[in-house]
Amino acid sequence: MSYDVIVIGSGPGGYVCAIRCAQLGLKTACVEGRETLGGTCLNVGCIPSKALLHATHMLHEAEHNFAAMGLKGKSPSVDWPQMQKYKEETIAANTKGIEFLFKKNKVDWIKGWASIPEAGKVKVGDDIHETKNIVIASGSEVATLPGVEVDEKIVVSSTGALTLNKIPKTLTVIGAGVIGLEMGSVYARLGAEVTVIEYLDAITPGMDSEVQKSFKRLLEKQGLKFVMGAAVQGVSATKSKAKTTYKLRKDDSEHTLESDIVLLATGRKPFTDGLGLDALNIATTKRGQIETDAHWATNISGIYAIGDAIEGPMLAHKAEDEGMAVAETIAGKQGHVNYGVIPSVIYTHPEVSTVGQTEEQLKEAGRAYKVGKFSFMGNGRAKANFAADGFVKLLADKETDRILGAHIIGPMAGDLIHEICVAMEFGASAQDLALTCHAHPTYSEAVREAALACGDGAIHA
Ligand code: NAI
């Protein structure tokens, strides 16, 4: 069989790319070696973690807010096998959905692991498939940390953390990034004593510092403990316990922490094993990312790369956008991704979302800016829903009022960010947002109030 495009990997980057290629009239196949489509995100990442976050958030609501709302009775108890089943069913519903979309769009699923013997050829098992274009969307894998051996039982990565045999009494999380805080929240809500060890002095590196501080305080209120400025030296594990050794950076003192489970969440790295990139002489960066030009082309003609395997934030939606754009490029259209407007969300409670520049970045760039901030304490809907922790912070150019960034911590922050993304895509000013009628009572009124605060002032502050 000969194709116009073969996409390697069926994660959000790969499957979206394959579907768009087919929609644009290109004969397309997607190679996937897992039993199911969807890659890390659907099988062992975004989707299963959201199921566990949702279930445990419901539990948290029942335990903490039901009585005050007049909902009395025993708090629900946790049926861990059933929660796991619910998570597995959620995964299956989503991965089967991709299979359906492949059939609907006439994308062939080539089952197996691919290698690229030369441009124009993809080898899967003993078969060689001819193709005009290849898109590498092979994703990422857990980055290792010296002295920490992941066995996915006692010392787990995000994959093992989704399928623990039982709820641990104590959990040590290495790394206060997105994975550490999302999975740490899940187990803290399930009753585990969670300690997060972070190398830096702030959690969620790169985020707006006001959000970082407020987020840490709120997580601490929920019971998570933090050891900051600590470099993990290693983990030694027995059959039922693990000992984590870390050094405090301020005085070099060494400490140990014992727990039932250790979650390693110190980042991910591109997954390109077995593709044969070296033999092809495909250029990579020092960090193992495939080098691409502005059109996702590698240095080998006819071979493109997208998603976690290349530079940029390791986010499913960034990969999806690149997948669509590269499909359009291959089809002879103008594929485009606006890297300045890629939102990022942490699905804890409250949620955290961010887009564009942080205040720190603007200061560093010497840019004149103004800040419009609004607390959810002034939002009627949030107060009614016991969800008034957090704020919306909007950053706009001091002269032109053009929106430069937004940072939200609060209820549905992951959804609220998108009206700001659209505004930024259109080069809108804070006043444009402020003049847009927002339905009452909604959380999104807090976004409008933050925009008002960039001008003559918020009403409910
Ligand atoms: P991350 O890069 O978000 O955070 C890793 C943290 O580990 C950093 O705070 C870092 O300072 C710390 N760290 C590194 N070495 C350390 C050491 N030796 N001792 C203590 N702390 C150390 O990485 P994470 O959370 O593993 O996530 C991986 C990728 O997956 C990220 O790119 C993330 O964006 C993506 N992801 C996104 C999600 C979302 O969008 N909601 C959910 C889950 C993952």
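Cut-offs applied
Residues numbered from 1 in each chain as written. Predicted model: local features only at pLDDT ≥ 70, side-chain atom pairs only at ≥ 80, totals over all residues. Heavy atoms only, no water. Pairing = 2+ DSSP bridges. Helix = DSSP H or I, 4+ residues; strand = E, 2+ residues; numbered from the N terminus. Contact = heavy atoms within 4.5 Å. Axes fitted to C-alpha atoms, helices over the stretch in contact; angles between N-to-C directions. Phe/Tyr/Trp six-rings, centres within 6.5 Å; stacked < 30°, edge-to-face > 60°. Lys NZ or Arg CZ within 6 Å of the ring centre and 35° of its normal. Buried < 20%, exposed > 50% of the residue type's maximum accessible area, 1.4 Å probe, protein only. Right-handed = clockwise from strand over helix to strand, strands pointing away. Salt bridge = Lys/Arg side-chain N within 4 Å of Asp/Glu carboxyl O. Near = heavy atom within 4 Å. Polar contact = N/O pair within 3.5 Å; in protein donor to acceptor, adjacent residues only side chain to side chain. Areas by Shrake-Rupley, 256 points an atom, 1.4 Å probe, with all protein chains shown as cover. Parallel < 35°, antiparallel > 145°, perpendicular 65-115°, else oblique. Left-handed = near helix turned anticlockwise from the far one by under 90°. Patch = residues over 30% accessible without salt bridge, like charges linked within 9 Å, V, L, I, M, F, W, Y side chains within 5 Å. Disulfide = S-S within 2.5 Å.

Draft legend 1. Local environment of the sheet that holds strand β9 (residues 170–174). With parallel pairing, the 5 strands of this open sheet are ordered in space as β8-β15-β9-β10-β11. This sheet does not close on itself; its edge strands, each paired only once, are β8 (155–156) and β11 (225–227). Of the strand pairs in this sheet, β9 and strand β10 (residues 193–197) are connected by 5 bridges, and their pairing is parallel. When the sheet's bridge partners are listed, Val 173 is paired in β10 with Val 196. Those strands touched by helix α6 (residues 178–189) are β9, β10, β11 and β15 (261–264), and its axis lies near 170° from that of β9.

Draft legend 2. A look at the packing of aromatic side chains. As enumerated under the stated definition, the model contains 1 aromatic pair in all. Over the ring of Tyr 199 we find Arg 249, and its NZ or CZ is 4.6 Å from the ring centre.

Draft legend 3. How the structure looks around the pairing of strand β1 (residues 2–8). Within β1, 6 of the 7 residues are buried, leaving the element largely enclosed by the surrounding structure. Two elements, β1 and strand β6 (residues 127–136), share 6 bridges in a ladder whose sense is parallel. Along β6, the bridge assignment pairs Ile 6 with Ile 134. Bridging between β1 and strand β2 (residues 28–32) involves 4 bridges; their strand directions are parallel. Bridging from a neighbouring strand, Ile 6 pairs with Ala 29 of β2. What joins β1 to β2 is helix α1 (residues 12–23), and the crossover it makes is right-handed.

Draft legend 4. Structural view of the pattern of salt bridges. Evaluation of the coordinates by the stated rule reveals 22 salt bridges. Of the charged contacts, one joins Lys 27 and Asp 108 as a salt bridge, the two residues approaching to 3.9 Å between their closest N and O atoms. Separated by 81 residues along the polypeptide, Lys 27 in the loop between α1 and β2 and Asp 108 in strand β3 (residues 108–111) bring together distant segments of the chain. Ionic pairing is found between Glu 130 and Lys 121, a salt bridge with its closest N-O pair at 3.9 Å.

Draft legend 5. Spatial organisation of the site of the ligand. Taken together, 23 residues surround the ligand, and among them Ile 179, Glu 198, Tyr 199, Gly 267 and Val 345 come closest. Interatomic distance of 3.1 Å between a side-chain N/O atom of Glu 182 and a nitrogen atom of the ligand. Bound to the protein, the ligand loses 79% of the 860 Å² it would expose on its own. Secondary structure elements with two or more residues in the shell around the ligand: α6 and β12 (230–237). Among the elements that line the shell around the ligand, the one with the most residues is α6, at 3 residues.

Draft legend 6. Broad picture of the packing of α1 against helix α9 (residues 316–330). The geometry of α1 relative to α9 is characterised by a closest axis approach of 7 Å and an angle of 30° between their N-to-C directions. By the criterion of interaxial angle, the relationship of α1 to α9 is roughly parallel. In the crossing of α1 with α9, the sense of the turn from one axis to the other is right-handed. Two secondary-structure elements touch here, α1 through Pro 12, Gly 13, Val 16, Cys 17, Arg 20 and Cys 21 and α9 through Ala 316, Ala 319, Glu 320, Gly 323, Met 324, Val 326, Ala 327 and Glu 328.

Draft legend 7. Summary view of helix α14 (residues 445–453). Of the residues making up α14, those classed as buried are Glu 445, Ala 446, Val 447, Glu 449, Ala 450 and Ala 451. Those residues of α14 that are buried lie in contact with β20 (369–375), β21 (391–397), β22 (403–410), α12 (413–425) and α13 (430–434).

Draft legend 8. The arrangement of the pairing of β12 in detail. Judged from the 7 bridges that link them, β12 and strand β13 (residues 242–248) form a sheet pairing that is antiparallel. Bridge assignment links Ala 231 to a residue of β13, and that residue is Lys 247. In this antiparallel pair of consecutive strands, β12 and β13, the connection spans 4 residues.

Draft legend 9. Up close: the environment of Thr 204. Here Thr 204 shows up in the loop between β10 and α7 (209–221). The spatial distance from the C-alpha of Thr 204 to the C-alpha of Ile 179 is 9.9 Å, given a sequence separation of 25 residues. Ignoring anything within four residues of it in the chain, the contact list for Thr 204 reads Ala 176, Leu 181, Gln 212, Phe 215 and Ile 346.

Draft legend 10. Molecular detail of a nonpolar patch on the surface. A contiguous nonpolar patch, built from Phe 66, Met 69, Leu 71 and Phe 386 and spanning about 360 Å² of accessible area, is present on the exposed surface. Positionally, Met 69 belongs in the loop between α3 (46–64) and α4 (80–105). A residue is classified by how much of its surface remains accessible, and Met 69, at 42% relative accessible area, is partly exposed.

Draft legend 11. Representation of the state of the cysteines within the structure. Counted according to the given criterion, the structure contains 0 disulfides. Cysteine Cys 421 remains unbridged, with the sulfur of Cys 454 as its closest cysteine sulfur at 16 Å. Cysteine Cys 437 is unpaired, with the sulfur of Cys 454 as its nearest cysteine sulfur at 19 Å.

Draft legend 12. Fine view of the sheet that holds β22. In spatial order, the strands read β18-β19-β22-β21-β20; together these 5 strands make up an open sheet with antiparallel pairing. This sheet does not close on itself; its edge strands, each paired only once, are β18 (344–346) and β20. Adjacent strand axes in the sheet meet at a mean angle of 10°, parallel and antiparallel pairs treated alike. Summarising the sheet, β18 and strand β19 (residues 351–356) pair through 3 bridges and their orientation is antiparallel. From the neighbouring strand, Ser 344 faces β19, where its bridge partner is Thr 354. Along the sheet, α14 contacts β20, β21 and β22; its crossing angle with β20, the most-contacted strand, is approximately 140°.

Shape is all these values report; function is a separate question.
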